[in-house]
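Each chain is listed here by its residues.
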Amino acid sequence: MQVFKLFMKVLKKNLFTSMIYVIVFVAISIPMARSAAADKAFKDTPIKIAVFDEDDTPESRALTEFIGRKHKLVELENDKDKIMQALYFETVNYVLIINDGYAERLVGSDTDGLFSTQHIHESYATVMVSQLLDSYVGSVRAYLASGADMSEAQQSAADAVLSQAEVTIARSKGSEDLSEASSTHFRYLTYILISVIINALCPVLLKLGKKEFRFRTNCSCMKSASYSIQVFAGSAVFIAGLWLLLMVVSVVQNGGMFTGTAWYAVLNSLIYTLICAAIALLICSFEPSDTVVNLLTQIIGLGSSFLCGVFIPQSMLGEGVLAAAKFLPAYWYVKVMEMLSGSEAFDGSRLAMYMLIELGFAVALLLIALVVNRVKYSSAAIKLPKLTAQPQKQ
Amino acid sequence: MEKTVVKIDNLVKRYGELVALDHFSLEIKEGEIFGLLGPNGSGKTTTINCMLSLLSFDKGNIEIFGKKMTPVSYDIKKDIGIIMQNVVVSEELTVYENIDYFCGLYITDKKLRRQYVDEAIKFVGLEDFTKFYPKKLSGGLLRRLNIACGIAHKPKLIILDEPTVAVDPQSRNRILEGIQELNRSGVTIIYTSHYMEEVEQICTRIAIMDKGRKVAEGTKDELKRMIKNTETISIEVLGLGEDVLAEMRALPHVYDVKYDEKLLVISCSGGKHNLTRALDVLQKRELSFGRVYSELPTLNEVFLEITGKALRDKEE
């Protein structure tokens, strides 16, 4: 087990930097996933409004009270300079002047001259308050037209405009077993798996596969098969250990052991782990330097995460991006997660197909790595150091 | 009768149009320190790589310890130690762990391995550095570690590919003494080097390679006898006339005479008493002379004459 022991020792030296990824991931992803799960309701932001009631009728006072139920009423002196100053320093977002004759115009159909306003040009507050006032006035008139008296119409209109619809996101069948926090966590796993595996495994494989080191080992009486098995065992132990560690974090994230279809997410992450191992193997085939390995880690990790919908939902990505992303395994990993999280209707056969496509990627990457290695070793002799002999005349 | 340890027969290795080894044959006997010399690209390293089955070859046969060498000849490989030109150790392992790692590729018994590793450490004098990582070692100590990694499993045949490159004189002497000590304990050594003085100092037999072929083989003395020059006489003397130089050229065994202002250089081929005869000519004419040197040819001159190029004209 000499090679296995050496593998572990080299891995140990490189593990610290890689584990930083895991620590940062756990430290960031758990609170992020939990906050994402907690933020289910949209909350209105109250706007600071100063109201000057020049009409001073029950109708205008009812309007002021209505505005106060939704937004924050601010006391302000009716002075042009002070109003401008307040708007500039945003102590007030919107100034509403209820014009004299408001009550009379409200009963009629005349919509002009009800209000005067002062506000920052085209700010979000302008749009929101304008819409609110339009809705209110429209509703009051509708209630009056339907036979209600002014008091009832104002009350009903205020209640109708301020009422909030309760929204419940219905989850499709088969996606109930995976909590939203776990779903987010499993999505982010793609980045952490690829980053840690490339960053930790590549330096070890490159060290052991270094031509002179390999030649030196080939000179010994250790069988090639034994050598390969020990390197494979070392890689398998590391990959399995990392995956198990991340699964333990997932269980903690989930708040308990997985049930039902949530196990598909676990299986999906295992398949993706194999893909990452195959990618690491392929990278090592080209014998890159440490700097290039670090660079590739970022490019592949971040690139595939952004392109395939890890950080941004696939539904928000353009068609062109998604068409290109289909050639990346992370896309199919995220497709499975979208199905398990309810963003896409659950379909067992499609789920299996997505996972098979992922496995296909793993096999293809592994085969390419093996072919590259074979070509490299068969041409290694030509690149042997010190060989500079001249062609001979036959 | 001495046993043959290595027998290379009619070896041909091509890289496309390039012929790296051209019907190369060699026989190395048990207990020899065999020097393999050659200029850049002469095929030394290719020969070694073919011997170790790290490279396939197009034609020929290689036998080591009387058995055909193949990539799966693990019974042969267990008795071979290889010390490569570049230091091949793991930066992540200490001196002790490195030697233990390479020894462990041959010896599975832990107790025996511990004993062998301790002996190897003692042999190369790294007792005080066992817990050091390679980064902390000097160039000379690294070379010694490289050697310890190659010999710890007590091989019967050791191949050293330029083991003293970039090594300080003290470490170099220690390495050369170590090689001779290993040889005295019955180990056969194959040694490649650019340093002629090293080869002269330790090798019992030498083969000179050029363009993938063996151009000469023999002991140091046998090789020196192969070339025209057997003695070079240098005399510091002033004011020699053409008549004196003509008399020198007429002396038996003298084939070349050169004179530049104050140094007379006479090249001789064979014969005895060449120096006495040259000095007689000067004394007869009552010419006074200063320092006198008589030098036998060096291996470098042998090499230069045989291959037509200096061995160290370009570092490999």
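Conventions adopted
- Residues numbered from 1 in each chain as written.
- Chains lettered and ligands numbered in written order.
- Predicted model: local features only at pLDDT ≥ 70, side-chain atom pairs only at ≥ 80, totals over all residues.
- Helix = DSSP H or I, 4+ residues; strand = E, 2+ residues; numbered from the N terminus.
- Buried ≥ 20, exposed ≤ 12 C-beta atoms within 10 Å, placed from the backbone.
- Contact = placed C-beta atoms within 7 Å.
- Pairing = 2+ DSSP bridges.
- Axes fitted to C-alpha atoms, helices over the stretch in contact; angles between N-to-C directions.
- Left-handed = near helix turned anticlockwise from the far one by under 90°.
- Nonpolar A, V, L, I, M, F, W, Y, C, P; charged D, E, K, R; others polar.
- pLDDT = per-residue confidence, 0-100.
- Domains from an automatic or database assignment.
- Parallel < 35°, antiparallel > 145°, perpendicular 65-115°, else oblique.

A. Expanded view of the overall build of chain A. Of regular secondary structure, chain A possesses 14 helices and four strands. Dimensions of chain A along its principal axes, counting C-alpha atoms only, are 115 × 50 × 40 Å. Buried residues in chain A amount to 34% of all 394 residues. A separation of at least 24 residues holds for 76% of the contacts in chain A among residues at least 6 apart in sequence.

B. Looking closely at the sheet that holds strand β4 (residues 59–64) of chain B. Residue and element names in this part refer to chain B. Sheet architecture is open: four strands sit in the order β2-β1-β4-β5, paired in antiparallel fashion. Strands with a single pairing partner mark the edges of an open sheet, and in this sheet they are β2 (18–29) and β5 (67–68). As paired strands, β4 and β5 are joined by two bridges and run antiparallel to one another. Across the sheet, isoleucine 64 pairs through a bridge with lysine 67, a residue of β5.

C. Just the interface of chain A and chain B, in detail. On the chain B side, the residues contacting the 26 residues of chain A number 33 residues. Contributing elements (two or more residues each) for the side of chain A that touches chain B: α1 (2–38) and α8 (211–218) of chain A.

D. Spatial organisation of the packing of helix α4 (residues 110–124) of chain B against helix α5 (residues 139–151) of chain B. Residues and elements named next belong to chain B. Remark: α4 packs on α5, axes separated minimally by 9 Å, with the N-to-C direction vectors making an angle of 145 degrees. Both α4 and α5 take part in a crossing whose hand is right-handed. Residues Ala120, Ile121, Phe123 and Val124 of α4 pack against Arg144, Ile147, Ala148 and Ile151 of α5. Considering only residue class, the contact of α4 with α5 consists of seven nonpolar, no polar and one charged.

E. Main features of the confidence of the model for chain A. All names here are of chain A. This prediction gives chain A a mean pLDDT of 84; 90% of its residues lie at or above 70. The secondary structure element of chain A with the lowest average pLDDT is α1, at 81, and the one with the highest is helix α10 (residues 262–285), at 92. Here residues 379–394 scores under 50 on pLDDT; set against residues more than four positions off or in separate chains, the count is 27 contacts.

F. The arrangement of helix α1 (residues 44–51) of chain B in detail. Burial of α1(B) is extensive: eight of the eight residues sit out of reach of the surface. Looking at the residues trailing α1(B), positive phi occurs at Ser53(B), about 60 degrees.

G. Just the sheet that holds strand β4 (residues 115–119) of chain A, in detail. Residues and elements named next belong to chain A. In spatial order, the strands read β2-β1-β3-β4; together these four strands make up an open sheet with mixed pairing. Each edge of the open sheet is held by one strand with a lone partner, namely β2 (72–73) and β4. With five bridges connecting them, strand β1 (residues 48–53) and strand β3 (residues 94–98) associate as parallel partners. Bridge pairing in β3 links phenylalanine 52 to isoleucine 97. Each of β1, β2 and β3 is contacted by helix α2 (residues 58–70), which is oriented at about 175 degrees to β1, the strand it contacts most.

H. Representation of the domain arrangement of chain A within the structure. By the assigned domains, chain A splits into domain 1 (2–38 + 172–383) and domain 2 (48–162). One C-alpha centre belongs to domain 1 of chain A, the other to domain 2 of chain A, and the line joining them spans 58 Å.

I. A look at the packing of helix α7 (residues 180–209) of chain A against helix α9 (residues 224–254) of chain A. All names here are of chain A. At a minimum axis separation of 10 Å, α7 and α9 run at an interaxial angle of 160 degrees. When the axes of α7 and α9 are compared, the pair comes out roughly antiparallel. Taken as a pair, α7 and α9 cross one another with a handedness that is right-handed. Between α7 and α9, the residues in contact are Ala181, Ser182, His185, Phe186, Leu189, Ile192, Val196, Ile197, Ala200, Leu201 and Leu208 and Val231, Ser235, Phe238, Ile239, Leu242, Leu246, Ser250, Gln253 and Asn254, respectively. Residue classes in the contact of α7 with α9 are distributed as 14 nonpolar, six polar and no charged.

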